[in-house]
Amino acid sequence: MLEKKVAIITGGTRGIGLETVKVFKENKASVILFGSREETVNKAIDMLKKEGLEVTGYYPDLNNYKEIEKVVEEIQNQYGHIDILVNNAGISSKGPIENITSEEFKKIMDLNVNAMFNVSKAVIPYMKENGSGVILNTSSMVSIYGQPSGVGYPTSKFAVNGMTKSLARELAPFNIRVNAVAPGVINTDMVKNLPKEVIEPLIKTIPLGRMGEVRDIANAFLFLASNMADYITGVVLSVDGAARS
Ligand code: NAD
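A. How the structure looks around the packing of helix 4 (residues 102-130) against helix 6 (residues 152-171). Packing of helix 4 against helix 6 leaves a shortest axis separation of 9 Å and a crossing angle of 15 degrees. With respect to their mutual orientation, helix 4 and helix 6 come out roughly parallel. Between helix 4 and helix 6 lies a crossing of right-handed hand. Residue-level inspection shows Phe105, Ile108, Met109, Asn112, Val113, Met116, Phe117, Ser120, Ile124 and Lys128 of helix 4 in contact with helix 6, the latter providing Gly152, Tyr153, Thr155, Ser156, Lys157, Ala159, Val160, Met163, Leu167 and Leu171. Residue composition of the contact of helix 4 with helix 6, by class: 13 nonpolar, five polar and two charged.

This is how it looks when you write it as structure tokens:
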């Protein structure tokens, strides 16, 4: 579904991002993953290689625009075009507002929102030059109703939806589509480590009766990245088993 496409995936070293790297590779894209550190990027590349999937990787500081610009230029020079960007890197927050420092709040906004702006800004000129492009953002089900603690995280994901819908309108005349996927509770390492007493009642609140798997999210990204979604832009696609509260 992605033959001859070149895709950059941020936060591609584990969880949802890593699975998206795999699904894009299985569908014949050339994939460049971004991670936060050299060792985690190399570890992911080595692990993928063992599965027969060749990818390259970088670890630019996503809050340093100049650094991102340089890496994106290098990718453009190497591959000749950049067709897909998946802005997936993200961190969450927890606890009541009294316990959250303004530095912690800023850190969440820096990665979940500002980094998304930075990487998008760096790739858009090449997509415009190419006459097409797809930008996909990882939102969350908390971007719809908020959540009762950890206010920074839902705040950042509401901003993700705003950036998605606004850039979709701004970039539509350039044939660049911008969409988001809003995952529900996904079976990543973070969730796997939660005690049974927390997980079981949580699953009971999900109408489809199970947690989402990373592949459920990667498949949504695959569909939105592919030509099958050619007329879809400005959408926040819930992939959450209807667990929307
Ligand atoms: P994860 O913690 O397994 O992966 C996060 C990724 O982000 C990693 O690849 C990591 O390298 C990268 N990252 C973290 N800090 C970074 C930094 N400072 N600079 C650059 N990269 C950094 O998380 P995940 O569960 O796979 O989450 C991926 C995305 O999905 C996030 O945006 C998250 O908000 C969203 N999400 C996850 C769930 C869930 O249940 N897991 C639900 C809704 C939304």
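Now that the structure has been shown, we can carry on.
B. Just the pattern of salt bridges, in detail. Inspection of the entire model under this criterion finds seven salt bridges. For the salt bridge of glutamate 39 with arginine 37, the shortest nitrogen-to-oxygen distance reads 3.2 Å. Among the charged side chains, a salt-bridge network with shared partners connects Glu19, Glu26 and Arg215.

C. Summary view of the side chain of asparagine 87. Note on placement: asparagine 87 falls in strand 4 (residues 84-87). A relative accessible area of 3% means that asparagine 87 is categorised as buried. Among the polar contacts listed, one links the side chain of asparagine 87 to the side chain of serine 120, at a separation of 3.1 Å. Setting aside anything within four residues of it in sequence, one finds asparagine 87 in contact with Thr10, Met116, Val119, Ser120, Ile135, Leu136, Asn137 and Thr138.

D. Representation of the pairing of strand 4 in the model. Side-chain alternation along strand 4 places Ile84 and Val86 on one buried face and Leu85 and Asn87 on a second face that is also buried. Bridge count for strand 1 (residues 6-10) against strand 4 is three bridges, and the pairing is parallel. By the bridge assignment for strand 4, isoleucine 8 is matched with leucine 85. With four bridges joining them, strand 4 and strand 5 (residues 133-138) adopt parallel strand pairing. Of the residues in strand 5, the one forming a bridge with asparagine 87 is asparagine 137. You can see the chain leave strand 4, run along helix 4 and come back into strand 5, and the turn it takes is right-handed.

Here is what the cut-offs are and how they apply
- Residues numbered from 1 in each chain as written.
- Predicted model: local features only at pLDDT ≥ 70, side-chain atom pairs only at ≥ 80, totals over all residues.
- Heavy atoms only, no water.
- Axes fitted to C-alpha atoms, helices over the stretch in contact; angles between N-to-C directions.
- Helix = DSSP H or I, 4+ residues; strand = E, 2+ residues; numbered from the N terminus.
- Parallel < 35°, antiparallel > 145°, perpendicular 65-115°, else oblique.
- Left-handed = near helix turned anticlockwise from the far one by under 90°.
- Contact = heavy atoms within 4.5 Å.
- Nonpolar A, V, L, I, M, F, W, Y, C, P; charged D, E, K, R; others polar.
- Salt bridge = Lys/Arg side-chain N within 4 Å of Asp/Glu carboxyl O.
- Buried < 20%, exposed > 50% of the residue type's maximum accessible area, 1.4 Å probe, protein only.
- Polar contact = N/O pair within 3.5 Å; in protein donor to acceptor, adjacent residues only side chain to side chain.
- Pairing = 2+ DSSP bridges.
- Right-handed = clockwise from strand over helix to strand, strands pointing away.

In short, the description is geometric, and any link to function would need to be established separately.
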